Structure formats: C-alpha cells, structure tokens
Amino acid sequence: MSPRCVVHRLGQVGYRQAWSWQQALLKERFRGDAPAPADVCLMLQHPPVYTLGRGASLDHVKFDPMAETAFELIKVDRGGEVTHHAPGQLVVYPIMNLTRAPFKKDLHWYLRQVEQVVIETLGAFDIAGERVDGLTGVWVSDGRHAFPKSKIAAVGTHASKWITMHGFALNVSTDLAGFDRIVPCGLHDKAVSRIQDFRPDVQMVDVEDAVIAAVQNVFQVDVETTTAPPYES
C-alpha cells in the first residue's frame, strides 16, 4: 500500500506561520503515534521575504537588514544559501517520513526526488528543466541571459529523525526584481528565471495541479488535497 500524502493548498501564508506549522508537524511525527500520521505537503505562496539557510553568508545580501526594514530577512534551519520568496512563486514544503517504504533514508536521494518533482512539473508545460552537477535546484536554458542556464527553482531541506521539512520554491510569475537585492543561492554567475518567461498565459492553479501529479508519481504516494490549514490558528 502506498503512503498517504495530504496536500494543503493554502494560498498566501506568512513565512513564520508556515515555518511554525512545519515544526509542529515534525513534532507530531516524532511522537511515534500509531497509526503513523500521513505525509504532508504544504503548498503556498509567501509575502516578500528573504531567508538565510544554515551557514549562509551575509556577504550575499546586498541590503542592510537593520536599515532597510521593509525587506524581512529570516535565518532558518534549512540547507542552502540566501533566497527570496514573493507572490507568484509556488513554495512546497514536504513533511515526509523517509523511514517508510518506498522512501529511502538518504538525503541525497531525497533531494534528487524533489528536483525530479520540479522537472516533471515543468515538463507538463513543455519546459525542459535540468540539473547542474554539484548544485541543488532546477535550471532552464532560455537564451535571455549572458549565462547559459538560469535557476527556476531553489531547493533547500532539513531532516530530523529522517522526517523532512522545507522543500522547494518554483518561480511561476514572480517579480524577479526581488532577487536583485541578493546573490541568489550564493551563485554570482547564474541568473533567475520563471515559468511565465516561457508560458506567459500560465495560471498558478495549473502549476499546483502539475506539482500534485508529480509528487504522486515521483514519491509513489496516494494524494489527498484540502484547502484547510494543518492547524487552526
């Protein structure tokens, strides 16, 4: 029997609220209740915010967070460098127990699966997503930049007791100007792209549907969807 995964389609949610939900979902799974709670994906958009992963360098932040308070900067417990979230970007946080079949207790395997979800999502819109050796995330070749490839999705994760949190951020119709205030993911020689650059008529709901189909296929889970939050405020 495939694991059950509940996808919460949540619209716009503040970063700290979504982070708090992830932490609560992890704690719920740490208790080892029987039957085990279902896996979860939080699917949402954030108001404009910048986040720093573990060990990220402030050298990659081009604004002074103490002086320019309009731009919130949050230090978080995911892997990776600095990134930007804003409306028009689809953010997906899988809370998955990697100790259960058909998953593997292997974070490298898990990261590649997350990237595959993005690649299959892009494929639904006839966009060729690619991996770059030695880097996480998903890239595209669009001929719009001086660089041969641009990043369309950032991936950063964290796991405790083999239960995952954080996930990926896929630029759909995001205003990419927000990335000008940072060195995205600490990479000076890469540009940022979005689905709308390839498919101007794209709708967020269609991208959400494609992500759900890809999660079901890549992770071999039975998906249920809801618009309810995981916890009441």
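Residues numbered from 1 in each chain as written. Predicted model: local features only at pLDDT ≥ 70, side-chain atom pairs only at ≥ 80, totals over all residues. Heavy atoms only, no water.

Moving on: unusual backbone geometry. A cis amide bond links A101 with the next residue in sequence, P102, at an omega value of 10°. Relative to the helices and strands, P102 resides in the loop between β6 (89-95) and α2 (107-123). Despite not being glycine, D126 has its phi angle at roughly 60°, a positive value. For D126, the position within the fold is in the loop between α2 and β7 (138-140). Take D126: its relative accessible area is 72%, and that puts it in the exposed class. Its identity is not glycine, yet H166 carries a phi of approximately 60°, on the positive side. (Helix = DSSP H or I, 4+ residues; strand = E, 2+ residues; numbered from the N terminus. Buried < 20%, exposed > 50% of the residue type's maximum accessible area, 1.4 Å probe, protein only.)

Residues L122, F168, L170, I195, V207, V211 and F219 are the most contacted members of the largest nonpolar core, which totals 40 residues. Among the secondary structure elements, those contributing two or more residues to this core are β1 (4-12), β2 (39-45), β6, α2, β7, β8 (150-160), β9 (163-171) and α3 (204-219). Among the elements that line this core, the one with the most residues is α3, at nine residues. The residues contacting F168, other than those within four sequence positions of it, are L90, V91, V92, V114, V117, V118, A154, V155 and V211. Core analysis: the next-biggest nonpolar cluster, separate from the first, contains 20 residues, L10, W19, L42 and A169 among them. (Core = buried A, V, L, I, M, F, W, Y, C linked by side-chain atoms within 4.5 Å. Contact = heavy atoms within 4.5 Å.)

A side chain of one charge can pair with a side chain of the opposite charge when the charged atoms of the two come close. Scanning the model with the defined rule gives 11 salt bridges in all. R4 is paired through a salt bridge with E224; the nearest N and O atoms lie 3.2 Å apart. Within this pair, whereas R4 is found in strand β1, its partner E224 is found in strand β11 (residues 222-226), the two being separated by 220 residues in sequence. R4 sits in the partly exposed class, given a relative accessible area of 40%. Among the ionic pairs, E130 bridges to K149, the shortest N-O distance being 2.6 Å. Taken together, the residues E130 in the loop between α2 and β7 and K149 in the loop between β7 and β8 connect sequence positions 19 residues apart. We classify K149 as partly exposed; its relative accessible area is 24%. Overlapping salt bridges, with partners in common, bring together R9, E208 and D209 in one network. (Salt bridge = Lys/Arg side-chain N within 4 Å of Asp/Glu carboxyl O.)

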